[in-house]
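What follows is the residue order along each chain.
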Amino acid sequence: MLKYRRGPHRGRAALTQGEHHAMAVGTHETVAINHPTAKPTANIPCSIVIFGGAGALSHRKLLPALYNLALDGELPEHCPIVAFSMEELDDERYRAWARDGIEKFSRRAVDPALWEKLGQRIHFVRGRFTERADYDGLRARLEEVDRKYATGGNHIYYFAIPPSFIENCAAMLHEAGLIRPPDGDQHFTRVVIEKPIGYDLASAMAIDDRVSMHFDESQIFRIDHYLGKETVENLMVLRFANAIFEPLWTSRFVDHVQLTVAEDEGVGTRASYYEHAGALRDMVQSHILGVLSIIAMEPPRSTRARAVRDSKLDVLRSIRPFGDEDIEKFTVRGQYGAGLVAGAAAPAYRDEENVAPDSRTETFVAMRCWIDNWRWAGVPFYIRTGKRMPKRTSEIAIYFKSVPRILYNANPRAQLAPNMLTIRIQPDEGLSVHIISKVPGAQVRLQQVAVDFHYASTTPEAYETLLRDVILGDQTLFMRRDAVEASWSLVDPIIAAWAESPADPPLYAAGSWGPIEAALMMAADGRAWRAL
Ligand code: BG6
């Protein structure tokens, strides 16, 4: 059996004897690569302080992720968790609520003995994010907890709070003397900021300016959980640890790329946020451009955070800015109307709780991007994302150019399907290489077949990977300020053009693949969206 351990720098992965994590189905062998520099678990004592610790993100993602890290022995032994929030709770009641979240949302069942130990390390401090005096209460409690667990005063502040509180919390932490200047890997204060960073370029810059008055960039971890997904992380390994893909990964061989992030769920209970965000800010500005930059990046000069983030930034800066005509012709927005998703009736977006009856918020986006660099000149990248699609599925499809129209591809009425590499981000994580093969038999008949790779066991949740990296101090998978700004620069003109347009976003029925305009945009290029 093999155990997967991440090395000190991203991509320096090693497989060691131990446990089963990610193995291929349909392959004959799994090869262990022992990387000499693989670093063991970061057993660095620290307190993890969750601002908004009693919110949905903590319940559904953060607490289950911390539990799973503990289960894998990846949470430092001296690592208390302190929730700071406004609710009327105390340690005991918060622990019960935390356990409930773990029972409901953890990918693995609760081990009572482990919970007994972990639960005792969880504490609750009641406080308002905007009240300076409440930070004194937080400091007093942290001093107590730091002594008890011998954390050496190392703190990770996780801001699981609306963006409007970020600047304030950073300033108050500073005033309360709770931020230490950067001092190596052993003595640290770090802050984790959830997306979206701001509302547009100007507001993102304002937030970053204010936060950087108190934290150095090396202390700031801007989280985009898509970048922590196993399959997204594997993209770099796929590209740069295999000889067969990279030579083909250029405009010479690639016809176009499709990136789909589809959700079957609607807006749910998050309308108060989503009404002001919409799919472009919520998904494209962060997750989708982040994944796109890994698909298209040049090989970084090393697997260190700086080199990887430089290469990704180059992609964002090479995406051709959207002019008015591009926005008109090659961006599509949509909003879901009533429909059926997996056989169940789903309401229209405008009928959802807390949504304005005349809302113009888009729940679907499709667009075509060009990356104006040597590698990708002339290769369109099509992206689409939406809520209330027929199913939850995220996939990257690299379409290769067709073989010449000779030999097996000579018949103009029966052209061969192009080769394709599809990478399933979720669910059913894995990848497939689609090739043409002969149907067995006396006649020569051709068919498209897929060579498939599936992960055989559950992969870690993105938040597990990312929280572990914050403890380790590895910023590779986190968004750097310049990348966030480059993304906003790309989407801001689209946001402005849509806001100015007198037209409402076209409707699509819940349970469909978006408005007809998305299909027409592809058809105008002589292509079609992949049927998923
Ligand atoms: C979040 C968005 O960042 O990502 C949500 O705010 C979206 O609107 C979610 O539903 C999707 O994440 P995942 O991991 O479920 O695909």
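Before reading on, note that the structure itself is shown above.
Here the structure is a predicted model, which is why all the values come from computation and not from measurement.

A. Region of the structure containing the packing of aromatic side chains. A complete count under the given rule lists 18 aromatic pairs for this structure. With a centroid separation of 6.2 Å and 65° between ring planes, the pair formed by Y274 and Y349 is classed as edge-to-face. Here the residue Y274 occupies a position in helix α8 (residues 271–296), and Y349 occupies one in the loop between β12 (344–346) and β13 (364–370), the gap between them amounting to 75 residues. Looking at Y274, the relative accessible area reads 1%, which means it is buried. Residue classification places Y349 among the buried residues on the basis of a relative accessible area of 0%. An aromatic cluster is present here, built from F51, F84, F129, Y135, Y157, F159 and F165 joined pairwise through their rings. If you follow K229 out to its NZ or CZ, it ends over the ring of Y226, 4.5 Å from the centre. Between R281 and the ring centre of Y199, over which it is positioned, the NZ or CZ distance is 3.8 Å.

B. Region of the structure containing the environment of E144. Topologically, E144 is positioned in helix α4 (residues 132–149). Among the residues examined, E144 registers a relative accessible area of 43% and is labelled partly exposed. Counting along the chain gives 166 residues from E144 to D310, while the straight-line C-alpha distance between them is 41 Å.

C. Region of the structure containing α8. The largest bend in α8 amounts to roughly 100° and is located at G278. Where burial is concerned, most of α8 is hidden: 23 out of the 26 residues are buried.

D. View of the pairing of strand β7 (residues 189–194). By the criterion of burial, β7 is predominantly enclosed, with six of the six residues buried. Neither face of β7 is exposed, since T189, V191 and I193 on one face and R190, V192 and E194 on the opposite face are all buried. As defined by bridge partners, strand β6 (residues 155–159) adjoins β7 across five bridges and the pair is classed as parallel. Residue pairing across strands places F159 opposite I193, the latter belonging to β7. Read from β6 through helix α5 (residues 166–175) to β7, the crossover connection turns out right-handed. Strand direction decides the pairing type here: β7 and strand β8 (residues 220–223), joined by four bridges, are parallel. Note on β8: the bridge partner recorded for V191 is I220. Each parallel crossover has a hand, and for β7 linked through helix α6 (residues 201–211) to β8 it is right-handed.

E. Spotlight on the sheet that holds strand β3 (residues 47–51). One open sheet holds the six strands; their spatial order is β5-β4-β3-β6-β7-β8, and the pairing between them is parallel. Two strands lie at the open edges of the sheet, namely β5 (122–126) and β8, each paired on one side alone. Averaged over neighbouring strand pairs, the angle between their axes works out to 20° when direction is ignored. One ladder, built from five bridges, connects strand β4 (residues 81–85) with β5; its direction is parallel.

F. Examining the site of the ligand more closely. Taken together, K195, H225, Y226, K229, E263, R270, D282, M283, H287, K387, R392 and Q426 form the complete shell of residues around the ligand. For the ligand, an oxygen atom lies 2.6 Å from a polar atom in the side chain of D282. For the ligand, the protein covers 83% of the area, taking 400 Å² as the surface of the free molecule. Of all the elements, α8 adds the most residues to the shell around the ligand, at three residues.

G. Focus on the sheet that holds strand β17 (residues 430–439). Taken in spatial order, the nine strands make up an open sheet running β18-β17-β16-β15-β9-β14-β13-β10-β19, and their pairing is mixed. Each edge of the open sheet is held by one strand with a lone partner, namely β18 (445–454) and β19 (507–509). The average angle at which neighbouring strand axes cross in this sheet is 20°, direction not considered. Taken strand by strand, α8 contacts β9 (254–262), β13, β14 (380–386), β15 (393–400) and β16 (420–426), and its axis lies near 140° from that of β14.

H. How the structure looks around the pattern of salt bridges. Taken as a whole and assessed by the stated rule, the structure comprises 38 salt bridges. Across the pair E144 and R141 runs a salt bridge, and its minimum N-O distance is 3.7 Å. Within this pair, E144 and its partner R141 are both found in helix α4, separated by three residues, close to a single helical turn. Between R222 and D208 there is a salt bridge whose closest N-O contact spans 3.1 Å. Placement of the pair is R222 in strand β8 and D208 in helix α6, with a sequence separation of 14 residues. Accessibility expressed as a relative area gives 1% for R222, which makes it buried. Under the relative-accessibility criterion, D208 is labelled buried at 2%. Among the ionic contacts, a cluster of salt bridges with common partners joins D91, E92, R95, R141 and E144.

What counts, and where the lines are drawn
Residues numbered from 1 in each chain as written. Predicted model: local features only at pLDDT ≥ 70, side-chain atom pairs only at ≥ 80, totals over all residues. Heavy atoms only, no water. Phe/Tyr/Trp six-rings, centres within 6.5 Å; stacked < 30°, edge-to-face > 60°. Helix = DSSP H or I, 4+ residues; strand = E, 2+ residues; numbered from the N terminus. Buried < 20%, exposed > 50% of the residue type's maximum accessible area, 1.4 Å probe, protein only. Lys NZ or Arg CZ within 6 Å of the ring centre and 35° of its normal. Bend = angle between axes of the 7 residues up to and from the residue. Pairing = 2+ DSSP bridges. Right-handed = clockwise from strand over helix to strand, strands pointing away. Axes fitted to C-alpha atoms, helices over the stretch in contact; angles between N-to-C directions. Near = heavy atom within 4 Å. Polar contact = N/O pair within 3.5 Å; in protein donor to acceptor, adjacent residues only side chain to side chain. Areas by Shrake-Rupley, 256 points an atom, 1.4 Å probe, with all protein chains shown as cover. Contact = heavy atoms within 4.5 Å. Salt bridge = Lys/Arg side-chain N within 4 Å of Asp/Glu carboxyl O.

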